[in-house]
Amino acid sequence: MFQASNIGHENADTHHADVLVVGAGLAGLYILYSLRQRGLTARAFEAASDVGGTWYWNRYPGARVDVDSVQYSYNFSDELIREWVWTEKFASQSELLRYINHVADRFDLRRDIRFNTRVTSAVFDENANLWSLKTDQGDIATGSYCIMATGSLSAPFKPNLPGLESFGGDCYQTATWPHEEVKLSGKRIGIIGTGSTGIQAIPVLAEQAKHLTVFQRTAQYTTPARNKPITVEEQREFNSCHAEYYNKVRHTFSGVTGFPIPTKCLHEDTPEERLAYFEKRWKEGGMLQSMLGTYTDININAKANEIVANFVRDKIHETVNDPEVAALLAPSKDLPIGSKRLPIDTDYYETYNRKNVTLVDVRRDPIEHITPTGLKTGSAEYNFDILIFATGFDAMTGALLAIDIRTESGARLQDLWSQGPDSYLGLMVAGLPNFFIINGPGSPSVKSNMIITIEHHTDWIMDLLDYVSVKGFDRIEATKQAQNDWVEHAREVAEATLMPIADSWYVGANIPGKKRVYMPYFGGFDRYCKTCDEIVADGYRGFTLSRLKKTKNSSNFAAE
Ligand code: NA7
């Protein structure tokens, strides 16, 4: 099927498959597996040289998952569950990448993936009922359906600081960290950014650097991970109840289990009771939910939220020796805890007690420009050998909008999303038939255990493809009305909480010019699954399923 055809691209391919897939991270791999199970042909394109997505790219020191490894695992294969052994409660990037490679090998998934190939456009031909992808390698691929598995945090953002090109040292971005070892020991290192990434990297960098200067714009809350090794026996025990776990996890708010579900509001406990409870949870550590899940109203009641936030601020002051540094690290009163992603850390605040670490508040003293030897703020100059950007991502929409996605009749994703990323269930966009997004904006995605929601979305799409096949349909579209209703519902749900308040990547505030919209669905994974099930039970309510004439190119996927 492959032919070298495109002038100027010696290795260019043309290809036709039932389903085109963009991305070969956790989502792309599971889609390929699922399609193959159904006897459907697939072609996936991946910009990286290998599988892994997030865990391929984010190789920075300290990178690790913040959901328990045993729950951040695929659930589709009993053999895979039984044979893989995690070594840590929160697996490191390298262990995660080994796992993903193991999955790709075990299920022979690489043969459907074209690596080192970035998709540049995706165009739907309404008459032929076909998606056509073009790539930066000159490939052209057609398929009846197109599934975007491009990730939620996969378009790295680097601020456009004047003078950057003049820097004479080594400059790295955490999201594109080199594959070869970066020598950090004995170096003067500067790092910009104190989000989840900076908070993971800073303690590890500080251990190796001669001196580490941290440039913080917004002080973040973080709580202890308390990472630890896990034994084979512990994992065996978890696996022995896997069916029960999987059933349970699909009825949870965020696709994770193993912590007490809050049953009362904060003010139902006395100050002494809740302090004792916070202390217990702080000591246990782990799970994003450890502090946010203490009481039912932390995410919705500003006063309750402030009490948890104050507990964390007190911890910062207890931990950090220098009161001025502690004050800089303590998040401001107008930042509800959890409204920016709440990371879990290993010795983050403790790191600021080291003599080789300096914290610079660049909100008070903004970065003016990068110099050949470092960086200049309004009032001081800093010199480094290495400068690191931990400045985040154009989250949730960046990777999708980087591709020219449109129909031949003129609907363009860039236009459809000019006022925010409207979608039906975060799965489909009205106006783009046969086009699916895994963990798209409007779905629980980044507010959940990503692997669980990846599996849910993929299974849901596969069931839909089975359904249309049986019914003899070959075109699937979300209706504008269903999309509008969903967007409105998602907006209402978010606005009833404290979540949209912060200038976070959840609302796109980190990207200059990005329309401010709270992008993830914050109604809970359990509620989301129930809605998806009801929509199916109602004969795919909100979707128009139809049949177009069969073309010579189309697969025999739709039933005759
Ligand atoms: P985040 O959470 O977006 O953090 C980026 C950090 O970079 C944050 O502290 C930003 O400050 C800072 N930043 C961005 N631009 C600048 C400039 N121009 N000057 C100074 N500081 C800047 O990204 P992460 O990679 O840490 O985490 C993203 C997600 O990946 C994470 O939530 C997990 O889900 C995995 P700000 O807060 O905007 O003031």
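All of these numbers come straight from a predicted model, not from anything done at the bench.

1. Details of the overall build of the chain
In step 1: Looking only at helices and strands, the chain has 17 helices and 20 strands in total.
In step 2: Radius of gyration (C-alpha) of the chain: 24 Å, near the 24 Å computed for a compact globule of 560 residues.
In step 3: In terms of its C-alpha atoms, the chain occupies a principal-axis envelope of roughly 75 × 60 × 50 Å.
In step 4: Taking all 560 residues of the chain together, the buried fraction comes to 59%.
In step 5: Look at the contacts in the chain between residues 6 or more apart in sequence, and 71% of them connect residues 24 or more apart.

2. Thoughts on the environment of Leu-153
In step 1: With respect to the element layout, Leu-153 can be found in the loop between β6 (140–148) and β7 (170–173).
In step 2: Residue classification places Leu-153 among the partly exposed positions, given a relative accessible area of 24%.
In step 3: In the structure, Leu-153 is positioned 242 residues away from Ala-395 in sequence and 5.0 Å away in space, judged by C-alpha atoms.
In step 4: Leu-153 has contacts with Thr-54, Phe-393, Ala-395, Val-446 and Trp-505, leaving out every residue within four places of it along the chain.

3. Description of unusual backbone geometry
In step 1: With phi around 50 degrees, Asp-108 is a residue other than glycine that occupies positive phi space.
In step 2: By secondary structure assignment, the location of Asp-108 is in the loop between α4 (93–106) and β3 (113–114).
In step 3: A positive phi is found at Ser-445, a non-glycine position, where the angle reads about 30 degrees.
In step 4: You can see Ser-445 is positioned in the loop between β18 (435–437) and α15 (450–471).
In step 5: Residue classification places Ser-445 among the buried residues on the basis of a relative accessible area of 0%.

4. A short note on the nonpolar core
In step 1: Tyr-74, Leu-425, Ile-476 and Phe-543 are the most contacted members of the largest nonpolar core, which totals 88 residues.
In step 2: Top element by residues in this core is α15. It accounts for 9 residues.
In step 3: Beyond its immediate sequence surroundings of up to four residues, Leu-425 is in contact with Gly-442, Ser-443, His-457, Trp-460, Trp-486, Tyr-528, Thr-531, Cys-532, Ile-535 and Phe-543.
In step 4: Judged by nonpolar contacts, the second largest core, of 48 residues, contains Tyr-60, Val-214, Trp-282 and Ala-326.

5. What to know about the packing of helix α8 (residues 271–284) against helix α10 (residues 302–319)
In step 1: In the contact formed by α8 and α10, the axes pass within 11 Å of each other and the chain directions differ by 60 degrees. When the axes of α8 and α10 are compared, the pair comes out oblique. Relative to α10, the crossing made by α8 is right-handed. Between α8 and α10, the contacting residues are Arg-274, Leu-275, Phe-278, Glu-279 and Trp-282 on the first element and Ile-307, Val-308, Phe-311, Val-312 and Lys-315 on the second.
In step 2: Within the contact of α8 with α10, the residues separate by chemical class into 7 nonpolar, no polar and 3 charged.

6. Remarks on the sheet that holds strand β8 (residues 188–192)
In step 1: The parallel open sheet is built from 5 strands, whose spatial order is β7-β16-β8-β9-β12. Only two strands of the sheet have a single partner each, and these edge strands are β7 and β12 (357–361). On average, each strand axis in the sheet is tilted by 15 degrees relative to the strand beside it, whichever way the strands run.
In step 2: Two strands pair when backbone bridges link them, and β8 and strand β16 (residues 386–389) are joined in this way by 4 bridges, in the parallel orientation. Its bridge partner lying in β16, Ile-189 is registered against Ile-386.

7. Some points on the environment of Arg-364
In step 1: Its location among the elements puts Arg-364 in the loop between β12 and β13 (367–371).
In step 2: Classification of Arg-364 as exposed rests on a relative accessible area of 66%.
In step 3: Along the backbone, Arg-364 and Thr-377 are 13 residues apart, and their C-alpha atoms lie at a distance of 9.7 Å.

8. A closer look at the site of the ligand
In step 1: Taken together, the neighbourhood of the ligand is formed by 19 residues, with Thr-197, Arg-217, Thr-218, Lys-340 and Arg-341 sitting nearest.
In step 2: Gly-195 places a main-chain nitrogen or oxygen 3.4 Å from an oxygen atom of the ligand.
In step 3: In this structure, Trp-505 approaches the ligand through a side-chain N or O atom, which is 3.2 Å from an oxygen atom.

9. Side note on the environment of Thr-351
In step 1: Along the chain, Thr-351 turns up in helix α12 (residues 348–351).
In step 2: Using a relative accessible area of 5% as the deciding quantity, one classes Thr-351 as buried.
In step 3: Along the primary structure Thr-351 and Gly-190 are separated by 161 residues, whereas in three dimensions their C-alpha atoms are 15 Å apart.
In step 4: Contacts of Thr-351, omitting those with residues within four sequence positions, involve Ile-202, Pro-203, Ala-206 and Val-357.
In step 5: A distance of 2.6 Å separates a polar side-chain atom of Thr-351 from the backbone oxygen of Asp-347.

10. Concerning empty space enclosed by the protein
Summary: where empty space remains is shown by rolling a probe the size of a single water molecule over the atoms.
In step 1: One pass over the structure, following the stated rule, counts 3 cavities of 30 Å³ or more.
In step 2: Empty space within the second largest cavity amounts to approximately 90 Å³.
In step 3: Lining the second largest cavity are 13 residues, with Val-70, Ser-73, Ile-81, Trp-86 and Asn-239 positioned closest to its centre.
In step 4: Listed by contribution, the elements that provide at least two residues to the lining of the second largest cavity are α3 (78–83) and α6 (232–240).
In step 5: Considering each element in turn, the lining of the second largest cavity owes the most residues, 3 residues, to α6.

11. What about the sheet that holds strand β15 (residues 381–383)?
In step 1: Within the open sheet, the 3 strands sit side by side as β13-β14-β15. Their pairing is antiparallel. One side of each edge strand has no neighbouring strand; the edge strands of this open sheet are β13 and β15. Averaged over all adjacent pairs, the angle separating strand axes in this sheet is 20 degrees, with direction ignored.
In step 2: Relative to β15, strand β14 (residues 374–377) runs antiparallel, the two being bridged by 3 bridges. Bridged to Leu-375 within β15 is Tyr-382.

12. Section: the confidence of the model for the chain
In step 1: Counting all residues, the mean pLDDT for the chain is 95, and 96% of those residues have values of 70 or more.
In step 2: Confidence drops under pLDDT 50 across residues 1–5; counting only partners more than four residues distant or on other chains, this segment forms 14 contacts.
In step 3: Considering only residues more than four positions removed or in separate chains, one finds that residues 551–560, a stretch of pLDDT under 50, has 25 contacts.

13. Describing the packing of α15 against helix α17 (residues 525–537)
In step 1: Between α15 and α17, whose axes approach to 12 Å, the crossing angle comes to 5 degrees. One finds that α15 runs roughly parallel with respect to α17. Counted together, Ile-452, Thr-453, His-456, His-457 and Trp-460 of α15 and Phe-525, Tyr-528, Cys-529, Cys-532, Ile-535 and Val-536 of α17 form the full contact between these two elements.
In step 2: Partitioning the contact of α15 with α17 into residue classes produces 8 nonpolar, 3 polar and no charged.

Cut-off values and rules
Residues numbered from 1 in each chain as written. Predicted model: local features only at pLDDT ≥ 70, side-chain atom pairs only at ≥ 80, totals over all residues. Heavy atoms only, no water. Helix = DSSP H or I, 4+ residues; strand = E, 2+ residues; numbered from the N terminus. Rg over C-alpha atoms; globule rule 2.2 N^0.38 Å. Buried < 20%, exposed > 50% of the residue type's maximum accessible area, 1.4 Å probe, protein only. Contact = heavy atoms within 4.5 Å. Core = buried A, V, L, I, M, F, W, Y, C linked by side-chain atoms within 4.5 Å. Axes fitted to C-alpha atoms, helices over the stretch in contact; angles between N-to-C directions. Parallel < 35°, antiparallel > 145°, perpendicular 65-115°, else oblique. Left-handed = near helix turned anticlockwise from the far one by under 90°. Nonpolar A, V, L, I, M, F, W, Y, C, P; charged D, E, K, R; others polar. Pairing = 2+ DSSP bridges. Near = heavy atom within 4 Å. Polar contact = N/O pair within 3.5 Å; in protein donor to acceptor, adjacent residues only side chain to side chain. 1 Å grid on protein atoms, 1.4 Å probe; cavity = no way out; pocket = protein on both sides within 12 Å on 5 of 7 lines; lining within 4 Å. Points joined across faces, edges and corners; volume = space filled by probe spheres on them. pLDDT = per-residue confidence, 0-100.

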